[in-house]
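If you want the building blocks of each chain, they are given just below.
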Amino acid sequence: DKRRHPRVPCNRPGRLVQPKAAPVACTILDISAGGARVRLGRPDALPDKVVLVDLPEALAFEAEVAWRKDLDVGLKFQRRHNLRGLAPAHLLAAK
């Protein structure tokens, strides 16, 4: 495994927020400081950039889609936001 950051299995509910489309429900299978692997409930067309919302942790991650395989999607994090306080305007849909 050549990852910079170790993966942590988590199995938490999440949402993928995308511009001009409804959020997509997902399960966060594992997560690290650099990215996550999520599983979609059904095949869905996602743009190259999404926001992953970790619902139990109230965190949002601006991310790029790194890979796709069946219902699993690998995300590379660009920026992290805490949704418990003030959030940037472009993340209000994630709250």
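Residues numbered from 1 in each chain as written. Predicted model: local features only at pLDDT ≥ 70, side-chain atom pairs only at ≥ 80, totals over all residues. Heavy atoms only, no water.

## Comments concerning the nonpolar core
Going by this rule: Nonpolar cores were defined as sets of buried Ala, Val, Leu, Ile, Met, Phe, Trp, Tyr and Cys residues, with membership established by side-chain atoms within 4.5 Å. Buried, partly exposed and exposed residues are distinguished by accessible area as a fraction of the type maximum, computed with a 1.4 Å probe on protein chains only: under 20%, between the cut-offs, and over 50%, respectively. Labels follow the DSSP assignment, with helices taken as runs of H or I lasting at least four residues and strands as runs of E lasting at least two, numbered in each case from the N terminus. We call two residues in contact when some of their heavy atoms are within 4.5 Å.
Counting 19 residues, the largest nonpolar core has Leu16, Val38, Leu52 and Leu75 as its most contacted members. Counting only elements with at least two residues in this core, the list comes to β1 (8-17), β2 (24-31), β3 (35-40), β4 (49-54), β5 (59-69) and β6 (72-82). Discounting chain neighbours no more than four positions away, the residues touching Leu75 are Leu16, Gly34, Gly35, Ala36, Val38, Val50, Leu52, Ala63, Glu64, Val65 and Ala66. In this structure, Val51, Ala58, Ala60 and Leu83 belong to the second largest nonpolar core, which totals 6 residues.

## Here we look at the pairing of β6
The condition is simple: In this description, strands pair whenever DSSP reports at least two bridges between them.
Looking at chain direction, β3 and β6 are connected through 5 bridges and run antiparallel. Across the sheet, Arg39 pairs through a bridge with Asp72, a residue of β6. The sheet contact formed by β5 and β6 spans 10 bridges and is antiparallel. Each residue of the ladder has a partner; that of Val65, found in β6, is Leu75.

## A word on the sheet that holds β2
How we decide: A fitted line through C-alpha atoms represents every axis, and for helices the fit uses only the stretch in contact; the resulting angles, taken between N-to-C directions, go from 0 to 180 degrees.
Taken in spatial order, the 6 strands close into a barrel running β1-β2-β3-β6-β5-β4, and their pairing is antiparallel. Averaged over all adjacent pairs, the angle separating strand axes in this sheet is 45 degrees, with direction ignored.

## Some details on the packing of aromatic side chains
Stated precisely, the cut-off is as follows: When two rings of Phe, Tyr or Trp (its six-membered ring) have centres within 6.5 Å they constitute a pair, described as stacked for plane angles under 30 degrees, edge-to-face for angles over 60, and tilted for the intermediate range.
Taken as a whole and assessed by the stated rule, the structure comprises 1 aromatic pair. When the ring of Phe61 is compared with that of Phe77, the centres are 4.2 Å apart and the planes differ by 15 degrees; the resulting orientation is stacked. Of this pair, Phe61 sits in strand β5 while Phe77 sits in strand β6, placing them 16 residues apart in sequence. The buried category is assigned to Phe61, whose relative accessible area is 6%.

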